[in-house]
Amino acid sequence: YILFRELAPFMSGLPELSALRQILIDASEKAGLSSFGLRETKAKVDGSVVTEIDHEMQRIISTELKSGWPEFSFMGEEMDHDEQARIVHAGQDHGFWALDPLDGTTNFAMGFPFYGVSLALVKNGEPKLGVVYDPVRRECFSASAGGGAYLDGVPLKTPQAPLALRECVANVDYKRLVSGLADSLVRYPPYRSQRNLGSSVLEWCWVAAGRVQLYLHGGQRMWDYAAGSLILKEAGGVFSTIPGNVLDCRKLTKRSAIAAITPELHRLWIGWVRENENP
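This report concerns the structure included in the present document.

How each quantity is defined
- In every chain, residue numbers begin from 1 and rise along the written sequence.
- Predicted model: local features are reported for residues with pLDDT of at least 70 only, side-chain atom pairs are reported and counted for 80 or more only, and whole-chain, interface and lining totals are derived from all residues.
- Where side-chain values are given, they derive from all heavy atoms of the structure, hydrogens and water being excluded.
- Strands here are runs of E lasting at least two residues and helices are runs of H or I lasting at least four, both read from the DSSP assignment and numbered beginning at the N terminus.
- Accessible area is worked out with a 1.4 Å probe on protein chains only. A residue is then buried under 20% of its type maximum, exposed over 50%, and partly exposed in between.
- Values of accessible area rely on a 1.4 Å probe in the Shrake-Rupley scheme; residue burial ignores everything except the protein chains shown.
- Charged residues are defined here as Lys and Arg on the positive side and Asp and Glu on the negative side; His and the ends of the chain fall outside this count.
- Charged side chains are reduced to one point each, which is NZ for Lys, CZ for Arg, CG for Asp and CD for Glu.
- One requirement defines pairing of two strands: DSSP has to find at least two bridges between them.
- Lines fitted to C-alpha atoms define the axes here, with helix axes fitted over just the stretch in contact, and angles between the N-to-C directions of these axes take values from 0 to 180 degrees.
- Contact definition: two residues touch when any of their heavy atoms are within 4.5 Å.
- Aromatic pairing here means that ring centres of Phe, Tyr or Trp (its six-membered ring) are within 6.5 Å. Orientation follows from the plane angle: under 30 degrees is stacked, over 60 is edge-to-face, and everything else is tilted.
- Here, over-ring charges are defined by two tests on the NZ atom of lysine or the CZ atom of arginine: distance to the ring centre within 6 Å, and angle to the ring normal within 35 degrees.
- For this document, the term salt bridge refers to a Lys or Arg side-chain nitrogen within 4 Å of an Asp or Glu carboxyl oxygen.
- Within this scheme, the nonpolar core is defined by two criteria: the residues are buried Ala, Val, Leu, Ile, Met, Phe, Trp, Tyr or Cys, and they are joined through side-chain atoms within 4.5 Å.

Attention now moves to the overall build of the protein chain. Each helix and strand counted, the protein chain has 9 helices and 14 strands in total. Expressed as lengths along the three principal axes of its C-alpha atoms, the size of the protein chain is roughly 50 × 45 × 35 Å. Buried residues in the protein chain amount to 56% of all 279 residues. With an accessible surface of roughly 12,300 Å², the protein chain has 53% of that area assigned to carbon and sulfur atoms. A distance of 4 Å separates the average location of the 29 positive side-chain charges in the protein chain from that of its 33 negative side-chain charges.

What follows concerns the sheet that holds strand β11 (residues 193-195). An order of β11-β10-β12-β14-β13 is seen for the 5 strands of this open sheet, with the pairing classed as mixed. Unpaired on one side and paired on the other, β11 and β13 (238-240) mark the two borders of the sheet. Going from strand to strand, the sheet's axes swing by 20° on average, the running direction of each strand aside. Sheet strands in contact with helix α7 (residues 200-208) are β10 (169-173), β12 (214-220), β13 and β14 (255-260), and its direction is about 155° off that of β12.

With that settled, consider the environment of D152. Mapping D152 onto the fold places it in the loop between β8 (148-151) and β9 (154-156). With a relative accessible area of 43%, D152 lands in the partly exposed category. Each C-alpha atom of the pair D152 and P15 lies 17 Å from the other, and the pair is 137 residues apart in sequence. In this structure, D152 is in contact with R138, E139 and C140, ignoring residues within four places of it in sequence.

With glycine set apart, most residues show a phi of negative sign, and most peptide bonds adopt trans. With a phi angle near 55°, R138 is a residue other than glycine that sits in the positive phi range. Mapped onto the fold, R138 is located in the loop between β6 (126-134) and β7 (139-144). Assessed through its relative accessible area of 46%, R138 is described here as partly exposed. The backbone of D152 shows a phi angle near 55°, a positive value even though the residue is not glycine.

Now for the packing of aromatic side chains. Counted under the stated rule, the structure contains 8 aromatic pairs. Between Y191 and W269, the ring centres sit 5.8 Å apart and the planes meet at 70°, which makes this aromatic pair edge-to-face. One end of the pair, Y191, is in the loop between α6 (179-187) and β11; the other, W269, is in helix α9 (residues 263-275), with 78 residues separating them in the sequence. No difference in accessibility class separates Y191 from W269, as the two residues are buried. Among the aromatic residues, those joined into a ring-pair cluster are W69, F72 and W97. Across the ring face of W206, the terminal group of R211 is positioned such that the distance to the ring centre comes to 5.0 Å.

All right, on to the pattern of salt bridges then. Inspection of the entire model under this criterion finds 8 salt bridges. In this structure, E126 engages K128 in a salt bridge whose closest nitrogen and oxygen atoms are separated by 3.5 Å. You can call E126 partly exposed: its relative accessible area is 46%.

What follows is about the pairing of β7. Taken across its 6 residues, β7 has 6 buried, putting it largely inside the fold. Burial of β7 is two-sided: the residues E139, F141 and A143 facing one way and the residues C140, S142 and S144 facing the other way are all buried. Note that β6 and β7 share 6 bridges and pair antiparallel. Paired with V131 across the two strands is S142, which belongs to β7. In this structure, the hairpin formed by β6 and β7 is closed by a connection of 4 residues, where R138 is found at a positive phi of approximately 55°.

The next thing to look at is the nonpolar core. Nonpolar side chains in soluble globular proteins tend to end up buried together. Of all hydrophobic cores here, the largest spans 89 residues; its most connected members are L216, M222 and W269. Among the elements that make up this core, the one with the highest residue count is helix α8 (residues 222-235) (9 residues). Leave out the neighbours within four places in its chain, and W269 touches L165, V172, L185, P190, Y191, L214, Y215, L216, I258 and A259.

Structure follows, in structure tokens:
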């Protein structure tokens, strides 16, 4: 039964999740992502940092994808913005790959062992396949639209036991939130405890696995959430932007993201956030 679910994307004309997982695993091993320590970085135009391994990972993975599935175009984080926009606009109907070759580059460069690789196949603004690989813990999360979510090939579901907000652990990125909301979260946190781990693609998956129950981020790019949001959705979680809009993959602009492991927790969480945006 599990094998049938794993083959479902292939049977519908999409690549197999197992093949995509292997591409990310092999690329990570080849690039040395399982070894962490101080690395030389360069600053990008937006102020974020990049290493040579970001570019190497993108080169290795794009080569494999173009060879295996030439019918889909490819868009990676380390491309020029104008090229990204052209690919996203032109590839909506037939599909395009959205790759974050190394999310959590600052963590990686400083030797903090929390970073990941994310790949999604997007069609008509929606991710159809998603794979996120954690090279430190060697965990691979994956999902297909309507086909369920998996952790290392085993079905993954969010915990559905009733919880109050005050019983939850939240992953919150404070620096991208408006100051009033950030201040309210620090002064009057509605949850038990808070974390900020520094890799959006893995944070989505840790919500899907129930390791944290709430998530809040003030501004993510499409490659940050495309695969992870699909994995969370297929695992049973709920997400949106803070205003309540759909997180689609038609835009390259930053979008806020708020998520929870159950619909009820998402309702309570987004309600609290909206009430405290402008205290």
